[in-house]
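Now for the letters of each chain:
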Amino acid sequence: MYCTQCGSQMEQTSNFCSKCGMRAAFTQDSPEQQYQNAQEQPAYTPPAAQREYTRASEQKSRLVAGLLQIFLGWLGIGRFYLGYTGIAIAQLLVTIFTLGIGVIWPLIDGILILTGSVAVDGKGIPLKE
């Protein structure tokens with residue numbers, strides 16, 4: 001058995017590595033085999049927000065989202081367009097339950113979308129300028 005922390009050989013009955021002193025998880029693989037297994041793992045794929053998107057059909061327009069939110073935001077239309085369903089429903093309900101006073105929230109939200117404070121849609125895809 002080998003320690004997965006430092007790679008030194010250990011006895012099967014030991015719970016702690018005699019070299020590094022850490023509570024060890026045991027493996028049958030030698031340190032060389034552990035290194036080779038680590039090299040064969042797939043490369044890290046960055047989140048969707050960090051990828052380059054070349055297909056314009058995947059991206060939503062910041063201008064369209066902002067204008068929808070300013071003019072029809074009391075219905076949550078701008079947030080529905082961006083894929084933020086929860087926020088859209090909340091804006092609709094706040095507007096209904098406050099008898100129209102809650103229309104201020106979607107108005108400010110539309111301005112924030114237009115100024116770039118909302119950079120990605122609900123799927124994490126960056127918005128078009």
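Predicted, not measured: the structure shown is a model, and the values here were computed from it. (Residues numbered from 1 in each chain as written. Predicted model: local features only at pLDDT ≥ 70, side-chain atom pairs only at ≥ 80, totals over all residues. Heavy atoms only, no water.)

Novice: How should I be thinking about the packing of helix α4 (residues 85-97) against helix α5 (residues 104-115) in this particular structure?
Specialist: Their axes nearest at 9 Å, the elements α4 and α5 cross at an angle of 140 degrees. Only W105, P106 and D109 of α5 make contact with α4, whose side of the interface consists of I87, A90, Q91, V94 and T95. Here the contact of α4 with α5 is composed, by residue class, of five nonpolar, two polar and one charged. (Axes fitted to C-alpha atoms, helices over the stretch in contact; angles between N-to-C directions. Helix = DSSP H or I, 4+ residues; strand = E, 2+ residues; numbered from the N terminus. Contact = heavy atoms within 4.5 Å. Nonpolar A, V, L, I, M, F, W, Y, C, P; charged D, E, K, R; others polar.)

Novice: Just to check I follow, could you spell out unusual backbone geometry for this structure?
Specialist: The backbone phi angle of L99 is positive, close to 55 degrees, even though this residue is not glycine. Along the polypeptide, L99 turns up in the loop between α4 and α5.

Novice: What exactly am I supposed to notice about the packing of aromatic side chains here?
Specialist: Aromatic rings in a pair are described by how distant their centres are and how their planes are angled relative to each other. Counted by the stated rule, this structure contains zero aromatic pairs. Of note, R79 hangs over the ring of Y84, and the distance from its end group to the ring centre comes to 5.0 Å. (Phe/Tyr/Trp six-rings, centres within 6.5 Å; stacked < 30°, edge-to-face > 60°. Lys NZ or Arg CZ within 6 Å of the ring centre and 35° of its normal.)

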